[in-house]
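Remarks on the overall topology
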Amino acid sequence: MTIDFSFHLPNKPSRIKLQSKDLEEIINQKDIGFFHLTDRDDFIEQTISMANQFSSKKHFVQIGIGGSALGPQMLVSSLAQTTNKTFSLLDNTDADYIYQTLKTIDLKQALFYVVSKSGGTAETVANYITARKMLLDSGVNEEELRNYFVFCTDPTQGQLRTHIQQNHYYALDIPANIGGRFSVLSPVGLFPAAFMGIDIQKLYFGANKIKKVLLKESEDNPLLYTAATLDDLYKSPNSKVDQTVMMPYSSKLKDFSLWFVQLWAESLGKISKENNNPIGLTPIAAYGATDQHSQVQLFMQGPNNKSIFLIHIKNKEQDFCFENNLDLPSATKLSPFNMNQLLEAEFKGTLEALKENKRPVFVLELDYLNAENLGGLILYFECLTALMGKYFKINAFDQPGVEKGKKYAFEYLNSLGK
Ligand code: PA5
């Protein structure tokens, strides 16, 4: 496993002493479990055994939203190889989309994975009701339903746990001290990953391996250096850098950007308990080279209020040679090169231009996009998020801001009456 970190900053962070105890203080709290998930070999065993049990199924349909959806989706799109199995996600309550998704698969070959930490999220329950009805309508009888569903929720709490117990459904656990957006390395993400043929042991291996780097007590600690820099850039009176771009140069990591957006936004967008001021780093999802033709103009010449994470993968499994004899000057120019060289050139070109424009850039380079490196990358950004929460003196693990919207939505629903 190799993840190389490099920093391209107009100024060094002013915080001189970087202390790994800042991270240790967070991860040693009993109610914060994400860092220690990868010690849970029992989760690996349980999810592999569940995946084996349902290995004859062809279609995996994840039902969940937010942290119960974005991590699993990211794992599958980053690492799953083409097989005869499919993965779909029902997160939004968009009837047309759900109809289209479920109509295109053979329901008899489907396994639905219903994930909700709280056990009562409206969108998830709505999609569960819908999938269940479609199965019944397709001729599956009530007693057979347990062969179509696996659930994942809090081990003891919540309505869903009671429902599982009463109906003897198959279930996996989300540990009580893991919140949704920090749950990708729990059975929430492990089960779909294992079903889709991803080596989940390697995910854990990579995450465990990077722990040494994250806990290192020195200036070479990339995590502490990054967190201190972001904190500095945010608090500095002349350069309020309050937006964060995540831009991997990889289509397979497009969903990694979306996973990061939720982690960063829901964890760090809070009201300060110290002075009641709103705090937050607005995340922006991008991916290269595609966004060079969309958002990069803004990143280069727009307000200098963004820090930018670029992720580059040095080696790809596939490549395409451009050699050609077309009567087309732009094709002749490309003829001596191949596809991976072009993408690398685009990454390097963008980095140089951002540096010239004095934009703060953090580069992470992976030797390969594989389970080991992805496990490391996930834990790195989870720890960075937790650390930023500490530096901003907010609780990175709650989300009180989404409650009001839910309350009003239900008031509206009830007002429709029946
Ligand atoms: O990160 C979080 O805690 C949230 O985004 C939740 O994952 C999301 O609201 C879904 O909640 P639940 O898993 O309880 O259905």
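The model shown is predicted, which means the values in this text are computed figures rather than measured ones. Along each chain, the written sequence defines residue order, and numbers are assigned to residues from 1. Under the rules for a predicted model, residues below a pLDDT of 70 receive no local features and side-chain atom pairs below 80 are neither given nor counted, while totals for whole chains, interfaces and linings still include all residues. Hydrogen atoms and water are omitted, and side-chain values are computed over all heavy atoms in the structure.

Digging into the sheet that holds strand 7 (residues 243–248)
Stated formally: Being paired, for any two strands, means DSSP has found at least two bridges between them. Helical segments are the DSSP runs of H or I of at least four residues, strand segments are the runs of E of at least two, and each set is numbered from the N terminus. The axes used here are C-alpha line fits, helices contributing only the stretch in contact, and every angle between their N-to-C directions lies in the interval 0 to 180 degrees. Any pair of residues with heavy atoms lying within 4.5 Å of one another is described as a contacting pair.
Judged by pairing direction, the sheet is mixed, and its 5 strands sit side by side in the order 1-12-11-7-10 without closing on themselves. Every other strand in the sheet has two partners, leaving strand 1 (3–8) and strand 10 (282–285) as the edge strands with one partner each. Recorded for the sheet is a direction-independent mean angle of 20° between the axes of neighbouring strands. Taken together, the 7 bridges between strand 11 (residues 306–315) and strand 12 (residues 361–368) define a ladder with parallel strand orientation. Looking at strand 12, one finds that histidine 312 is bridged to glutamate 365. Sheet strands touched by helix 9 (residues 222–235): strand 1, strand 11 and strand 12. Its angle to strand 1, the strand with the most contacts, is close to 30°.

Points about the packing of helix 2 (residues 41–53) against helix 7 (residues 187–195)
Rules: Throughout, the term roughly parallel applies to angles under 35 degrees, roughly antiparallel to angles over 145, roughly perpendicular to angles from 65 to 115, and oblique to all others. Left-handed describes a crossing whose near helix is turned anticlockwise from the far helix by less than a right angle; the clockwise case is right-handed. Residues are grouped as follows: Ala, Val, Leu, Ile, Met, Phe, Trp, Tyr, Cys and Pro are nonpolar; Asp, Glu, Lys and Arg are charged; all remaining types, including Gly, are polar.
Helix 7 packs onto helix 2 with a crossing angle of 40° between their chain directions and a minimal axis gap of 9 Å. Classified by the angle their axes make, helix 2 and helix 7 are oblique. Considering how the two elements wind past one another, helix 2 and helix 7 form a crossing that is right-handed. Contacts from Phe43, Ile44, Thr47, Met50 and Ala51 of helix 2 reach helix 7 at Pro187, Leu190, Phe191, Ala194 and Phe195. Classifying every residue of the contact of helix 2 with helix 7 by side-chain character gives 9 nonpolar, 1 polar and no charged.

A few points about the domain arrangement of the protein chain
Short version of the rule: Domain start and stop points were drawn from an automatic or database domain assignment. Put simply, buried area is how much 1.4 Å-probe accessible surface two parts lose in total, over both of them, once they are put together.
By the assigned domains, the protein chain splits into domain 1 (3–20 + 216–401) and domain 2 (32–202). Relative placement of domain 1 and domain 2: their C-alpha centres are 29 Å apart. Taken together, the contact pairs 27 residues of domain 1 with 21 residues of domain 2. Summed over both sides, the interface between domain 1 and domain 2 buries roughly 2100 Å², with carbon and sulfur atoms accounting for 65% of that surface.

A few points about the environment of methionine 300
Mapped onto the fold, methionine 300 is located in helix 11 (residues 296–301). It is 8.9 Å that separates the C-alpha atoms of methionine 300 and threonine 350, two residues lying 50 residues apart in sequence. Residues in contact with methionine 300, not counting those within four places in the same chain, are Thr350, Ala353, Leu354, Asn357 and Arg359.

Quick word on the site of the ligand
Put simply, the rule reads: Proximity is defined per residue: if any heavy atom of the residue lies within 4 Å of a molecule or strand, that residue is considered near it. By the criterion applied in these results, polar contacts are pairs of N or O atoms within 3.5 Å in which, for protein atoms, one can donate a hydrogen and the other can accept it, and in which residues neighboring in sequence qualify only through two side-chain atoms. Per-residue and other accessible areas follow the Shrake-Rupley method at a 1.4 Å probe size, with only the shown protein chains counted as cover for residues.
The ligand sits among 13 residues. The nearest are Ser116, Ser118, Thr121, Gln262 and Glu266. At a separation of 2.8 Å, an oxygen atom of the ligand approaches a polar backbone atom of lysine 117. Between an oxygen atom of the ligand and a main-chain N or O atom of arginine 181, the distance comes to 2.9 Å. When the free accessible area of the ligand is taken as 380 Å², the share hidden by the protein chains comes to 87%. Looking at the shell around the ligand, its residues break down into 1 nonpolar, 9 polar and 3 charged. For the shell around the ligand, the two domains that each supply at least three residues are domain 1 (3–20 + 216–401) and domain 2 (32–202).

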